[in-house]
Amino acid sequence: MSVLDDIIVGVREDMESRRREVSLADLRAQAAQAPAPRDAWAALGGTDPARAELKVIAEVKRSSPSKGALADIADPAALASRYADGGAAVISVLTEARRFGGSLADFDAVRAAVDVPLLRKDFTVDEYQIHEARAHGADLVLLIVAALDDARLRGFLELTHELGMNALVETHTPEEVERALAVDARILGVNVRNLKTLDVDRAVFGRLAGQIPAGPLLVAESGVRDTDDVAQYAREGANAVLVGEALVRHDDPLGTINAFTRAGREAIAARPAAAR
């Protein structure tokens, strides 16, 4: 069993526990009453033809399977507010509990504190989670291609759009990129962390970005340590970077986001004109 498979087993068990408390019908009713979703695609530069600004998706993340405990985040709302003040385009909140130490309570606290689009970062394997995300005020959900067959990937993406949300469609291999393009993913993530070994290979982003035609917003996921990594991803075509560990372990997340944004802008400006 791979790490992803093991995580999904726990995700399904926890979801079924929540389903016994709140039915899908009740979630749909709650989602219908929630404030309208914010446009994460526009926030990430989707409406800007030039896409000259690198956007930062800043993550509220306590732990991970690869690194264990990362940060004791006693007040996720306060951290998210600092992210927003630093110019984060989107804030990602982990809600998976067993491996990442997250919760929907964290998400609710962040939603009450900031007005930027929020990504409910979890392992989506059932439509219940998508309605649940919308009911809690999510604007964006994560769809991991490796965790879904083609029918579910397309169906879940269509459902997010029906609910007014967007999806970050995450890929790791050339085959997964082709599957994401086949369902017309508007926000396409390339995660450079191997789901089987949890190793990071930053060169994966450049290799996969080179096979992606113009159109989707490209998000570089994992492996960001400093401005050099951000600049590399930007040179290779990233429109946004998703950053967790480098922010939660830093004493100045606001300044770090500013530095990452600046490094990305400079790298994009230095691209050959045909590659911008």
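Scroll up for the structure.
Residues numbered from 1 in each chain as written. Predicted model: local features only at pLDDT ≥ 70, side-chain atom pairs only at ≥ 80, totals over all residues. Heavy atoms only, no water.

Overview of the environment of Asp184
For clarity, the threshold we go by: Secondary structure counts use DSSP, requiring at least four H or I residues in a row for a helix and at least two E residues in a row for a strand, with both numbered from the N terminus.
Mapped onto the secondary structure, Asp184 falls in the loop between α8 (174-182) and β8 (187-191). Between the C-alpha atom of Asp184 and that of Pro216, which follows or precedes it by 32 residues, the distance is 8.2 Å.

Topic: the pairing of strand β5 (residues 118-121)
Where we set the bar: Only protein chains enter the calculation, and the probe is 1.4 Å; a residue is then buried if its accessible area is under 20% of its type maximum, exposed if over 50%, and partly exposed in between. A pair of strands is labelled paired if DSSP reports no fewer than 2 bridges between them. Viewed with both strands pointing away, a crossover whose connecting path from the first strand over the helix to the second turns clockwise is right-handed.
Where burial is concerned, the two faces of β5 agree: the one with Leu118 and Arg120 and the one with Leu119 and Lys121 are both buried. Looking at chain direction, strand β4 (residues 90-94) and β5 are connected through four bridges and run parallel. What sits directly across from Ser92, in β5, is Leu119. You can see the chain leave β4, run along helix α5 (residues 104-113) and come back into β5, and the turn it takes is right-handed. Relative to strand β6 (residues 140-144), β5 is paired through two bridges, and the arrangement is parallel. Bridge pairing in β6 links Arg120 to Val141. Regarding topology, helix α6 (residues 127-135) serves as the crossover connection from β5 to the parallel β6, and that connection is right-handed.

Concerning the nonpolar core
If you look at soluble globular proteins, the nonpolar side chains tend to sit buried side by side. Inclusion rule: What makes a nonpolar core is a set of buried Ala, Val, Leu, Ile, Met, Phe, Trp, Tyr and Cys residues whose side-chain atoms join them at distances within 4.5 Å. We call two residues in contact when some of their heavy atoms are within 4.5 Å.
One finds Val60, Tyr83, Ile91 and Phe205 to be the most contacted residues of the largest nonpolar core, which totals 62 residues. Not counting chain neighbours up to four residues away, the residues in contact with Tyr83 comprise Ala58, Glu59, Val60, Ala88, Ile91, Leu247, Val248, Pro253 and Ile257.

Structural notes on helix α4 (residues 76-86)
Among the residues of α4, those classed as buried are Pro76, Ala77, Leu79, Ala80, Tyr83 and Gly86. Among the structural elements, β1 (55-60), β4, α5, α11 (245-248) and α12 (253-269) are those in contact with the buried residues of α4. Following α4 by one or two positions, Gly87 has its phi on the positive side, about 100°.

Some thoughts on helix α7 (residues 150-162)
As a reminder, the rule being used: Expected span of a helix: the number of residues minus one, times 1.5 Å. Within this analysis, the arc is defined by the directions that extend from the helix axis to the C-beta atoms.
Compared with the 18 Å implied by 1.5 Å per residue over 13 residues, the 18 Å span of α7 between its first and last C-alpha is a close match. Among all positions in α7, only Leu153, Phe156, Leu157, Leu159 and Thr160 are buried. Taken end-on, α7 shows its buried residues confined to a sector of 160°, consistent with a single buried face. Residues of α7 that are exposed and angled more than 90 degrees away from the buried face: Ala151 and Glu162. Just beyond α7, the residue with positive phi is Gly164, at close to 85°.

Comments concerning the sheet that holds β8
Put simply, the test is: Axis definition: a line fitted to C-alpha atoms, over the contacting stretch in the case of helices. Angles run 0 to 180 degrees between N-to-C directions.
Spatial ordering of the closed barrel is given by β1-β4-β5-β6-β7-β8-β9-β10, a layout of eight strands whose pairing is parallel. Each strand of the sheet is rotated relative to its neighbour by a mean of 25°, with strand direction disregarded. With three bridges connecting them, strand β9 (residues 217-221) and strand β10 (residues 240-243) associate as parallel partners. Across the sheet, the residue bridging to Glu221 is Leu242, located in β10. With respect to the sheet, α5 is in contact with β1, β4 and β5, its orientation differing from that of β5 by roughly 175°.

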